[in-house]
Every structure is written in C-alpha cells, then in structure tokens.
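The lines below spell out each chain.
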Amino acid sequence: MSIIIAIDGYSSTGKSTTAKAVAKALGYVYIDTGAMYRAVTYLALEKGYASTSGIDVKSLMKSLRKSEIKFVYNPELGFSEIYLDGKNIENEIRGIEIANWVSEVAKQPEVRTYLVDLQRKMGKDKGIVMDGRDIGTTVFPNAELKIFMTASEQVRAQRRYKELQAKGDKASFDEVLANIQHRDHIDTTRKESPLKKADDAIVIDNTNLTIEEQVQKILAMVKS
Ligand code: C5P
C-alpha cells in the first residue's frame, strides 16, 4: 500500500536530502514544497514585486495565476527539479538572495492558499514524500506518516554554509546563521499555518545523525 509521508521541520534540517532518499528507496514521488515558495519568490523578485517597502501581493498573485510551476523528473539525478514557465530554476532559487526573501513571501495568506491547493493536487495519487513546514498540519493532516525534523542551530547553519560555499555563493557563516534564525522566526510566528509539529508527528533530532541513519529510521517506520 502506498502512503503519504509528510516531513516538516526547521530550516536546513536536511529535510530535502532525507525526503529524496526515502522517496527513491520506496519508488515514491518526492515533492519539495520549499522549492515552490522559492519559485514564487523568484517570480516576485524578477517582476519587481518584492522590495524593502513590502510585497505587492496583488500583482504577484496576478502573475502567479498566469505562471506554471511544475516538477520534472530528472533521471540522471534520480529526483524532480522545479520549473517556472518551462525554465529549470533549481540553481537560481537556492542562493542567499532568495533565502532572504522567501519567508516574507511565504507568510502571505494568498500565496499559501494558492500553493497548498497545488500541493494537494500534486499529491492526490498516493505514494509521495512531501517536505516543508505545514505538510502534516495543513496540506495533508491525514498523512499516514508524519516526521518533524530538528537539529541544533549551529549544526544547521554549518551544513547550509558548506552547501552554499560548494555552489560558489559568497555568504558568510554569520549571514547564513542569521538567515536561518530569521526564517525560523517568521515561519513559527506567522498567522497562516505557522511552522509547528503536528500532534501525531514523530520527532527526529538529527544533530548527531547521518543522512543514512535518518533515512533508515524513516524506512523502518514505513515498514512497521
Ligand atoms: O524548505 P526550504 O528551506 O527550501 O523553504 C524555504 C522557505 O519557504 C521556508 O523558510 C519557509 O519560509 C517557506 N516554506 C513554507 N511552507 C512550506 C515550505 C517552505 O512556508 N511548506
């Protein structure tokens, strides 16, 4: 029987890496909802709808409704990549600029309603692993398995810093740490479906776990 696996948690807890590996092992579809919020942020910045005076939500929603966000499976990588209006934007959305804006965009109720609806449609055929901040609480409250991932702030910032460095991003460690703290703050305090553990989610603190150990833990839960 195929199920829905919801993986939520704080920024940079390795949700995506773990979710991808779990999906691969089970032959499930992986959906990265953070990439969807990042894609909307990319659209907002590209169109000039995000500035220090705020987000022009009305114009952004008008553009978003005309745009197409989709995931396309890349057989060489073994997982799906995000496309906005036919363009692969995986690289563009992972830098610090998008990271600095994304939580502001993601806290807009109109943006959330629109993306949650899209996520539910994407996950309607079971056999999915979806990661984000509100999957177990809002998108799929009836998901059969819910995981809530956490790790110490320093460890998370160190992991993300290394990832960005490998991509040639010049962000400093302090900037990465501040970004993680900033995003977690906005995500946990926003009005619309704030980041929180679902009552029936299982917590995995991976401060001292390898990716492989986390993946095995989750696979064991699926089998039991
Ligand atoms: O998972 P990732 O770090 O790529 O997500 C980027 C941002 O998108 C998060 O910091 C959060 O503000 C937002 N997000 C969200 N709800 C989700 C997934 C991501 O608000 N389901």
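Residues numbered from 1 in each chain as written. Predicted model: local features only at pLDDT ≥ 70, side-chain atom pairs only at ≥ 80, totals over all residues. Heavy atoms only, no water.

Rules: UniProt positions are given in the numbering used here, feature names are shortened, and annotations may be inferred rather than shown by experiment.
Identification of the protein as Cytidylate kinase from Capnocytophaga endodontalis is taken from an unreviewed UniProt entry. We quote the UniProt Subcellular location (unreviewed entry) comment for the protein here in full: "Cytoplasm". Among the UniProt annotations of the protein, the heading Sequence similarities (unreviewed entry) holds the following wording: "Belongs to the cytidylate kinase family. Type 1 subfamily."

1. Quick notes on the sheet that holds strand S2 (residues 29-32)
Put simply, the rule is: Paired strands are those between which DSSP finds at least two bridges. Numbering goes from the N terminus for both helices and strands, where a helix is a DSSP run of H or I of at least four residues and a strand is a run of E of at least two. Here the axes come from fitting lines to C-alpha atoms, over the contacting stretch only for helices, and the angles between their N-to-C directions go from 0 to 180 degrees. Whether two residues are in contact is decided by their heavy atoms, any of which lying within 4.5 Å being enough.
Within the open sheet, the 5 strands sit side by side as S2-S8-S1-S9-S10. Their pairing is parallel. In the strand order of this sheet, the two ends are held by S2 and strand S10 (202-205), each with one partner. Going from strand to strand, the sheet's axes swing by 20 degrees on average, the running direction of each strand aside. Pairing between strand S1 (residues 4-9) and strand S9 (residues 145-150): 5 bridges, direction parallel. By the bridge assignment for S9, Gly 9 is matched with Met 149. Across the sheet, helix H9 (residues 211-223) touches S1, S9 and S10, and the angle it forms with S9 is around 160 degrees.

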